[in-house]
Amino acid sequence: PPDQWPEAVAMQQLKKRNPNMKTLLYEATQFGPLGWGSMELNSKPEWWLKDDNGKVYYRMIDGKPHGPNSFDWRIPEVRDWWVNQSFIFEEATFDGLLVDGASAASLHLDHVNHTMSVEHQKDLDLAKMYMLGNASARWSTHNGVVAGNPLFEYGEIGSPSQAAQQLFPLEYHWGYMTGALDEMYAGFGTLNKDGSFNITKMAASIEGIMNMSRQGHTVLVRGYPGPCSTPFQSVSSDIGSTPTWPDNSQPTTVQGLKSASTELLDLALAPFLLVAEPNVWFSYAWFYGFNTGWVTCPSAPETCIAPDNWYPEFDRPLGKPLGPAVRNGTVYTRQFEHASVYVDLKDRTASKITWNKKHRD
């Protein structure tokens, strides 16, 4: 039964500790839920996405095909299957979906080795949106959210970016989803190769999040310690892999990663506070595994890289915002009752939070 699957069991355990916790199930538009979704895709070649010449879009790794890349959302049975899979966990404590691959398919198609007309690309994108809209409608009856990723770094929310190359207006996707994940906020796709902010992309994310939160949408923001990007480094069997910094300058030991998490928190937290609202949520870790910074491990400190004393800043009283963020050129500032926030897109390392004296310790 779905409520006995590992994902559901883990969420039930979390909600026992905090009944108010909201949990979203991960599902990719290309292949559905992790694990059994890919098995279903591989077993149904009639559902595979093909170009105008009938050539299958394969997932390429090191130049070699490794199974089909995606469902073809233009097939009604595909859309029905995907939505049904996303909903079978409803009674198993989940509160909605985190949808990967929610952006326009036309931006990610292999246009070098395949041919698909613009009209067919539009049909494909629209079919995907119908699928997500159906999922959103079903979850909304249970106050659930369908949050899409990526919707920011590829320019589909905010301005400017790849607008001239897009088939849909910038806000098009919000007719079909009720939330979003900004997975690369102040990291990865919003950085230049040297670790500095890409001013255009970072400004697009900031403005996009503010625009969407004002419209009542839920936005999840991922923060990272330092200028995290690819490739990944292997840390240990317990922790797995973590992102690297430019010139391979990141810490490589467990203690070094913990210290960096503490020392660099403001560089991620300050950009978040620019956009913070009741419907905008922050997370901070090196990657996605629990041991990469999501929880402390006091009984086995070498098995995770969250700081042993967690983050005192998270418990400081911030107070109400005294207004939205204000932009002056590349500088953003925002005032709260008990703190001031400063971010300069020309200097990522200058981001800071100045706490009122009584709340500094």
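Model, not experiment: these values are computed from the prediction.

Participant: Would you take a moment to explain the state of the cysteines for this structure?
Facilitator: In protein structure, a disulfide is the covalent linkage between the sulfur atoms of two cysteines. Taken as a whole and judged by the stated rule, the model has one disulfide. Disulfide pairing is shown between Cys 297 and Cys 304; the S-S distance is 2.0 Å. Classification of the bridge connecting Cys 297 and Cys 304 rests on its S-S torsion, roughly -90 degrees, and on that basis the disulfide is left-handed. Of the two residues examined, Cys 297 and Cys 304, each falls in the buried class.

Participant: How should I be thinking about the pairing of strand β1 (residues 25–28) in this particular structure?
Facilitator: Within a regular strand, side chains alternate between the sheet's two faces. Sheet analysis places β1 next to strand β5 (residues 96–100), joined by four bridges and oriented parallel. Following the sheet pairing, Ala 28 is matched in β5 by Asp 100. Two elements, β1 and strand β2 (residues 32–33), share two bridges in a ladder whose sense is antiparallel. Counted as the bridge partner of Glu 27 is Pro 33 from β2. In this antiparallel pair of consecutive strands, β1 and β2, the connection spans three residues.

Participant: Please clarify how helix α7 (residues 265–275) should be interpreted in this entry.
Facilitator: Each α-helix turn comprises 3.6 residues. Residues three or four places apart therefore point the same way. Among the 11 residues in α7, 10 count as buried, and that is most of the element. Within the span of α7, buried status applies to Leu 265, Leu 267, Ala 268, Leu 269, Ala 270, Pro 271, Phe 272, Leu 273, Leu 274 and Val 275.

Participant: Please explain unusual backbone geometry as it appears in this structure.
Facilitator: A negative phi angle characterises most non-glycine residues, just as the trans form characterises most peptide bonds. Here the amide bond leading from Thr 230 into Pro 231 is cis, since omega sits at 0 degrees, within 30 degrees of zero. Residue Asp 62 is not a glycine yet carries a positive backbone phi of 55 degrees. Relative to the helices and strands, Asp 62 is located in the loop between β3 (58–61) and β4 (64–68). Using a relative accessible area of 77% as the deciding quantity, one classes Asp 62 as exposed. In this model, Asn 143 sits at a positive phi of 60 degrees, which is unusual for a non-glycine residue. Following the sequence through the fold, Asn 143 ends up in the loop between α4 (118–140) and β6 (145–149).

Participant: Just checking my understanding: could you explain the side chain of Thr 244 for this structure?
Facilitator: With respect to the helices and strands, Thr 244 occurs in strand β10 (residues 240–244). Polar contacts involving the side chain of Thr 244 include one to the main-chain carbonyl oxygen of Pro 231, which spans 2.5 Å. What Thr 244 contacts, discounting residues up to four positions off in sequence, is Pro 227, Cys 228, Ser 229, Thr 230, Pro 231, Phe 232, Gln 233 and Gln 250.

Procedures and definitions
- Residues numbered from 1 in each chain as written.
- Predicted model: local features only at pLDDT ≥ 70, side-chain atom pairs only at ≥ 80, totals over all residues.
- Heavy atoms only, no water.
- Disulfide = S-S within 2.5 Å.
- Buried < 20%, exposed > 50% of the residue type's maximum accessible area, 1.4 Å probe, protein only.
- Pairing = 2+ DSSP bridges.
- Helix = DSSP H or I, 4+ residues; strand = E, 2+ residues; numbered from the N terminus.
- Polar contact = N/O pair within 3.5 Å; in protein donor to acceptor, adjacent residues only side chain to side chain.
- Contact = heavy atoms within 4.5 Å.

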